Amino acid sequence: MNNNEGPEVLIAEEDIRKRVAAFADQISRDYAGKGKLVLVGVLKGAFILLADLSRRLTIPHRVEFIAVSSYGKSSVSTGAVRLIMDLREDIDNKHVLIVEDIVDTGHTLHYLLSLLKARSPASLRTCALVRKSERAQIDVSIDYLGFDVPDVWVVGYGLDYAEQYRTLPYIGILHPREEAKHTPTPGDGC
Ligand code: 5GP
């Protein structure tokens, strides 16, 4: 399916909606009776997934944010991850779920898992809407995975290119000719 006004549709809005609803059902079942779950949204890309997921959960939970940067000024990951904004609350003895938009090489999620594990949570799991499995450099476990995508630059549903396209309701492929319309300064991996 193509959208004349924007990037080519890769994952339709309805498919995302169904997948997020399925995540929410599964997570609500898995954490039932375990106390308040802490959802850790990875800024900026996961803000829409986090909002949709959070509103569908039927269990008590609280929302936290963390921000990291992995790409510097390039659209190619160097593997060096930097913490830009930390959690505001302690997570020791809490059940924690990291909510990521996309896992590419795996470096960001690997970094976050090590960082948060050191804070002694009761449990630590991961949820990612999209993974580019062909690009994996580090093996990271994703407990709740939405979709595998090919090695293309995807935008929409929180994901950007140079801060554009985040509010697209679907996930689309940004083709090189569309990138050329914009200043070549990709987002910093947030
Ligand atoms: P990793 O550390 O797994 O290589 O990279 C993770 C981060 O890279 C993601 O959180 C995201 O910010 C960025 N990223 C990787 N691939 C894409 C993509 O296709 N589109 C967008 N918008 N961001 C991406």
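Before any of the text, the structure's been laid out above.
What you see is a predicted model, and the numbers here were worked out from it, not measured in a lab.

Cut-offs applied
Residues numbered from 1 in each chain as written. Predicted model: local features only at pLDDT ≥ 70, side-chain atom pairs only at ≥ 80, totals over all residues. Heavy atoms only, no water. Near = heavy atom within 4 Å. Polar contact = N/O pair within 3.5 Å; in protein donor to acceptor, adjacent residues only side chain to side chain. Nonpolar A, V, L, I, M, F, W, Y, C, P; charged D, E, K, R; others polar. Salt bridge = Lys/Arg side-chain N within 4 Å of Asp/Glu carboxyl O. Helix = DSSP H or I, 4+ residues; strand = E, 2+ residues; numbered from the N terminus. Buried < 20%, exposed > 50% of the residue type's maximum accessible area, 1.4 Å probe, protein only. Pairing = 2+ DSSP bridges. Axes fitted to C-alpha atoms, helices over the stretch in contact; angles between N-to-C directions. Contact = heavy atoms within 4.5 Å.

1. Observations concerning the site of the ligand
And then number 1: Residues in close proximity to the ligand total 18 residues, the closest being Thr-105, Thr-108, Lys-132, Val-154 and Asp-160.
And then number 2: A distance of 2.5 Å separates an oxygen atom of the ligand from a polar atom in the side chain of Thr-108.
And then number 3: Per-class residue counts for the shell around the ligand are seven nonpolar, six polar and five charged.

2. Points about the pattern of salt bridges
And then number 1: In this structure the tally under the stated criterion is eleven salt bridges.
And then number 2: Residue Glu-163 is joined to Lys-44 by a salt bridge in which the shortest nitrogen-to-oxygen separation is 3.0 Å. Here Glu-163, found in the loop between strand E8 (154-155) and strand E9 (171-173), pairs with Lys-44, found in the loop between strand E2 (37-43) and helix H2 (47-56); they are 119 residues apart in sequence, far enough to count as distant.
And then number 3: Residue Glu-163 is classed as partly exposed on the basis of its relative accessible area of 42%.
And then number 4: Residues Arg-62 and Glu-64 are paired through a salt bridge, measuring 3.4 Å at the closest nitrogen-oxygen approach.
And then number 5: For Arg-62, a relative accessible area of 21% puts it in the partly exposed group.
And then number 6: Among the residues examined, Glu-64 registers a relative accessible area of 8% and is labelled buried.

3. Some thoughts on the sheet that holds strand E6 (residues 123-131)
And then number 1: Taken in spatial order, the six strands line up as E4-E3-E2-E5-E6-E7 in an open sheet, and their pairing is mixed. Two strands in the sheet have a free side with no partner beyond their single neighbour: strand E4 (82-85) and strand E7 (144-148). With strand direction ignored, the average angle separating the axes of adjacent strands in the sheet is 30°.
And then number 2: The pairing of strand E5 (residues 95-103) with E6 spans eight bridges and is parallel. The residue bridging Val-99 from the neighbouring strand is Cys-127, located in E6.
And then number 3: Across the sheet, helix H1 (residues 13-30) lies against E2, E5, E6 and E7, angled at about 160° from E7, the strand it touches most.
And then number 4: Relative to E5, helix H3 (residues 107-117) is tilted by about 165°, and along the sheet it contacts E2, strand E3 (61-69), E4, E5 and E6.

4. Topic: unusual backbone geometry
And then number 1: The step from Leu-43 to Lys-44 runs through a cis peptide bond, and the omega angle for that step is -5°.
And then number 2: With phi around 70°, Glu-163 is a residue other than glycine that occupies positive phi space.

5. Describing the environment of Ser-69
And then number 1: Within the fold, Ser-69 resides in strand E3.
And then number 2: Among the residues examined, Ser-69 registers a relative accessible area of 2% and is labelled buried.
And then number 3: For Ser-69 and Leu-83, which are 14 residues apart along the polypeptide, the C-alpha to C-alpha distance reads 6.6 Å.

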